[in-house]
Amino acid sequence: MKKIQLGNTGIFVTPIGFGVLTIGNTQLNLTLEEGAKVVRYAYDHGINFFDTAQYYETYKYMREAFAGIDMSPENPDRPIIASKCLDSSYEEMEFAIKECMDEIGLEIIDIFLLHEVRSDPDFDNRSGAWQCLKDYKAKGIIKAIGVSTHYVDVTERMACEPDCDIVFPLINYAGLGIRNGSEAGTSEEMASAIDKCIKAGKGLMGMKAFGGGNLTGTYQKALNYVIGLGVHTLMIGMGKTSEVDDIISFAEGTMPADYQPEVKNKKIHIDQGDCEACYTCKERCPNQAIFINESGLCDINYHVCLNCGYCAPVCPVRAIIMW
């Protein structure tokens, strides 16, 4: 598979990357052997870019998957790793960087991001963590730094942030999960912000092209929309080798024009790590399938769930996913 430079970073990645969240304990919860097998299969079949995060607790899969591969910076064919941290302070970010290196077995980290930055004030409130990233980049331990975000206003700001190399926004044609300040955002607004970042030389990694699995039924439409915006690479969560085969077929142009994946066995799930108990999904559900569990979070009664997906668009934090 061809490789594309991420903005002005000098880092070259495949146009499709592997989002490792899916195999971890908040979603498919694959065994170490099962998860590592899918990750290694993707690498062996041409995908060189892998996105993880401290919060995902998936470093173990990557260490196992890449065992025996020369992970030194001198190896041009090694996997490219991106990770992220949710914390705010310098000390917490420093811990996260070292944890990533130790648990995966890295001499350097290609990309490290502030994870899920929410609106401009959130970026400012995490100035300690941001300074840590800048310092570790200056030391040569991290090659590129930036943010991941669901927010239009954050994406726009990063176009003008001189120290930001990488922007990793949520984008899909239906606008699922996109925010703009305190309000819902649109795909058009995020597309405009992405364009500003590209013109500013930032490396663009797109997330949630399938809207957390809710748009998988329009597989090629969803992918083509985000690619058409000019992002350099799309991170796709995968849990099966067949899903790796599908995305490679798409990326290499060998997928039949009428191909659609089988989605009849997929179910709606509410990610308990992301749910913020706003209950908007519960109010929207037409069949009263969403209830408040003992943790005070929203959950799904599968005996009455219609799998209609009406709940997903109203979730402000993209906690409703389908697999």
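As a reminder, the structure under discussion sits directly above these lines.
This write-up is about the structure you can find in this document. Keep in mind the model is a prediction, meaning the values are calculated, not measured.

The subject of this paragraph is the overall build of the protein. Along the backbone of the protein there are ten helices and 16 strands. Scaling as 2.2 N^0.38, a compact globule of 323 residues should have a C-alpha radius of gyration of about 20 Å, and the protein matches this with 19 Å. Counting only C-alpha atoms, the protein reaches 55 × 45 × 40 Å along its principal axes. Taking all contacts inside the protein whose residues are at least 6 apart in sequence as the whole, residues at least 24 apart take part in 72%.

Right, let's talk about the pattern of salt bridges for a bit. Following the criterion strictly, the structure yields twelve salt bridges and no others. When the shortest N-O distance is used, the salt bridge between D122 and R126 registers 3.2 Å. One exposure class covers both D122 and R126, and it is buried. Salt bridges here are not isolated pairs; linked through shared partners, they connect E116, R118 and E276.

This part is about the packing of helix 1 (residues 32-44) against helix 9 (residues 241-251). Taken N-terminus to C-terminus, the directions of helix 1 and helix 9 make an angle of 25°; their axes are 9 Å apart at the nearest point. Between helix 1 and helix 9, the crossing angle belongs to the class labelled roughly parallel. Crossing of helix 1 against helix 9: the hand is right-handed. The segment helix 1 lies against helix 9, with V38, Y41 and A42 engaging T241, V244 and D245. Partitioning the contact of helix 1 with helix 9 into residue classes produces four nonpolar, one polar and one charged.

In this fold, T52 is placed in the loop between strand 4 (49-51) and helix 2 (59-65). Residue classification places T52 among the buried residues on the basis of a relative accessible area of 0%. A polar contact is formed between the side chain of T52 and the side chain of T58, at a distance of 2.6 Å. In this view, T52 contacts V20, T58, Y59, M62, A82, S83 and K84; residues no more than four positions away in its chain are not counted.

Contact geometry for helix 8 (residues 219-227) and helix 9: axes closest at 12 Å, N-to-C directions at 55°. Here helix 9 runs oblique to helix 8, going by the angle between their axes. Viewed along their axes, helix 8 and helix 9 form a crossing whose handedness is right-handed. Only D246, I247 and F250 of helix 9 make contact with helix 8, whose side of the interface consists of Y219, Q220, L223, N224 and I227. In the contact of helix 8 with helix 9, the residues fall into five nonpolar, two polar and one charged.

Attention shifts here to the environment of P76. By the secondary structure assignment, P76 is in the loop between helix 2 and strand 5 (80-85). What makes P76 exposed here is its relative accessible area of 62%.

So, about the sheet that holds strand 7 (residues 142-149). Pairing is parallel around the closed barrel formed by eight strands, whose spatial order is 3-4-5-6-7-8-11-12. Sheet twist, expressed as the mean angle between neighbouring strand axes with direction ignored, is 25°. Two elements, strand 3 (residues 16-19) and strand 12 (residues 233-237), share four bridges in a ladder whose sense is parallel. Opposite F18, over in strand 12, you have I236 as the bridge partner. Where helix 5 (residues 127-138) meets the sheet, it contacts strand 6 (109-117) and strand 7, and its direction lies at approximately 155° from that of strand 7.

Here the focus is the side chain of T155. In this fold, T155 is placed in helix 6 (residues 152-158). A relative accessible area of 0% places T155 in the buried class. A polar contact is formed between the side chain of T155 and the backbone oxygen of Y151, at a distance of 2.9 Å. Aside from chain neighbours lying at most four places away, what touches T155 is T149, V167, P169, M190, A193, I194 and C197.

Alternating positions in strand 3 separate into two faces, I16 and F18 on one and G17 and G19 on the other, with burial throughout. Summarising the sheet, strand 3 and strand 4 pair through two bridges and their orientation is parallel. Along strand 4, the bridge assignment pairs F18 with F50. On the question of chirality, the crossover connecting strand 3 to the parallel strand 4 by way of helix 1 is right-handed.

About the cut-offs
- Residues numbered from 1 in each chain as written.
- Predicted model: local features only at pLDDT ≥ 70, side-chain atom pairs only at ≥ 80, totals over all residues.
- Heavy atoms only, no water.
- Helix = DSSP H or I, 4+ residues; strand = E, 2+ residues; numbered from the N terminus.
- Rg over C-alpha atoms; globule rule 2.2 N^0.38 Å.
- Contact = heavy atoms within 4.5 Å.
- Salt bridge = Lys/Arg side-chain N within 4 Å of Asp/Glu carboxyl O.
- Buried < 20%, exposed > 50% of the residue type's maximum accessible area, 1.4 Å probe, protein only.
- Axes fitted to C-alpha atoms, helices over the stretch in contact; angles between N-to-C directions.
- Parallel < 35°, antiparallel > 145°, perpendicular 65-115°, else oblique.
- Left-handed = near helix turned anticlockwise from the far one by under 90°.
- Nonpolar A, V, L, I, M, F, W, Y, C, P; charged D, E, K, R; others polar.
- Polar contact = N/O pair within 3.5 Å; in protein donor to acceptor, adjacent residues only side chain to side chain.
- Pairing = 2+ DSSP bridges.
- Right-handed = clockwise from strand over helix to strand, strands pointing away.

These figures capture arrangement, not role.
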